[in-house]
Amino acid sequence: MKFNIITLFPEMFTAIDYGIIGRAKENELISLKFWNPRDYTEDNYHKVDDSPYGGGSGMVMLVKPLQAAIQAAHQANSDPALVVYLTPQGKLLNQELVIELASQKNLILVAGRYEGIDERLTKIEPGIEISIGDYVLSGGELAGMVVIDAVARQLPGVVGDADSVKQDSFSSFTGLLDYPHYTRPEVIDGHVVPKVLLGGNHAEITCWRRKEALGRTWLRRPDLLEKIELTAADRMLLNEFIENIE
Ligand code: ADE
């Protein structure tokens with residue numbers, strides 16, 4: 001999958017040269033290509049922003065350099081590319097949207113800076129607008145990296161164990177938060193590993209994990225429980241969890 005990134009700060013993206021995503025790049029399962037709007041300016045000052053019409057603080061990104069960078073990215077791809085604008089005004093990113101994006105061959109991620117981008121760009125170069133959360137970042141780059149990481153994990157071969165992707169918190173597979181994980185040693189400062197995990201009974205372990213996932217979701221994110229259909233067995237497990245809360 002190709003990620004074409006329109007940004008004034010391509011160096012920031014070295015932050016995802018590590019771990020699973022770094023390996024996916026090395027193995028050419030994904031590629032990142034950068035298009036700097038400053039390289040598509042035509043004036044001596046390489047101006048990419050200007051003050052807002054109507055007044056107010058901050059600067060607004062100019063249409064022309066961004067438009068030229070997006071067009072260059074389109075032209076470099078033989079397959080059609082979906083344009084994604086990173087903005088706090090966009091649709092909130094969730095796992096469902098991540099999976100949708102992972103079905104694309106090419107994405108053009110547009111990371112804005114300053115107060116934002118001249119609104120007319122989205123009319124001239126249509127795409128979707130995505131927010132990674134209800135807070136304001138200093139630019140779309142970090143949001144773009146979040147999108148790349150989450151999307152790349154869905155691609156075949158990127159995460160070694162495909163089952164672990166399916167079981168991730170927020171995976172559409174479960175719609176639940178993840179169950180708690182433990183590793184050695186068995187006791188730390190008096191805190192023990194739940195006995196069931198030491199017993200080797202896989203059916204019991206699966207059952208316990210499902211109960212914990214349901215219970216945690218009920219405690220921490222009840223809104224998620226409303227979005228999925230629980231089986232009769234799930235309801236029993238959740239009731240058991242609730243009854244045993246200390
Ligand atoms: N740019 C600035 N804030 C953002 C956010 N919350 N999501 C996506 N892009 C952004």
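Basis of the calculations
Residues numbered from 1 in each chain as written. Predicted model: local features only at pLDDT ≥ 70, side-chain atom pairs only at ≥ 80, totals over all residues. Heavy atoms only, no water. Patch = residues over 30% accessible without salt bridge, like charges linked within 9 Å, V, L, I, M, F, W, Y side chains within 5 Å. Areas by Shrake-Rupley, 256 points an atom, 1.4 Å probe, with all protein chains shown as cover. Salt bridge = Lys/Arg side-chain N within 4 Å of Asp/Glu carboxyl O. Helix = DSSP H or I, 4+ residues; strand = E, 2+ residues; numbered from the N terminus. Buried < 20%, exposed > 50% of the residue type's maximum accessible area, 1.4 Å probe, protein only. 1 Å grid on protein atoms, 1.4 Å probe; cavity = no way out; pocket = protein on both sides within 12 Å on 5 of 7 lines; lining within 4 Å. Points joined across faces, edges and corners; volume = space filled by probe spheres on them. Nonpolar A, V, L, I, M, F, W, Y, C, P; charged D, E, K, R; others polar. Pairing = 2+ DSSP bridges. Axes fitted to C-alpha atoms, helices over the stretch in contact; angles between N-to-C directions.

Undergrad: Explain a nonpolar patch on the surface to me, please; I cannot follow it from the model alone.
TA: Taken together, the side chains of Tyr 135, Leu 137 and Leu 142 make up a nonpolar region of the molecular surface, amounting to roughly 270 Å² of accessible area. Inspection of the secondary structure puts Leu 142 in helix H5 (residues 141-152). Leu 142 gets classed as partly exposed once you look at its relative accessible area, which sits at 46%.

Undergrad: I tried to follow the layout of surface pockets on my own but got confused; where do I start?
TA: Picture a little ball the size of a water molecule; that probe, rolled over the atoms, points out where space is still empty. For the largest pocket, the calculated volume is near 540 Å³. Considering the residues around the largest pocket, the lining is formed by 26 residues, among which Leu 86, Thr 87, Pro 88, Gln 89 and Gly 116 are closest to the centre. Of all the secondary-structure elements, those providing two or more residues to the lining of the largest pocket are strand E5 (82-92) and strand E7 (128-131). Top contributing element to the lining of the largest pocket by residue count: E5, with five residues. Grouping the constituent residues of the lining of the largest pocket by class yields eleven nonpolar, ten polar and five charged.

Undergrad: Explanation requested: the sheet that holds strand E6 (residues 106-111) in the structure shown.
TA: Note on sheets: strands pair through backbone hydrogen bonds, and any given pair is parallel or antiparallel. One open sheet holds the five strands; their spatial order is E2-E1-E6-E5-E7, and the pairing between them is parallel. Across the chains shown, the open sheet's two edge strands, defined by having one partner strand only, are strand E2 (31-35) and E7. Sheet twist, expressed as the average angle between the axes of neighbouring strands with direction ignored, equals 35°.

Structural measurements only, silent on function.
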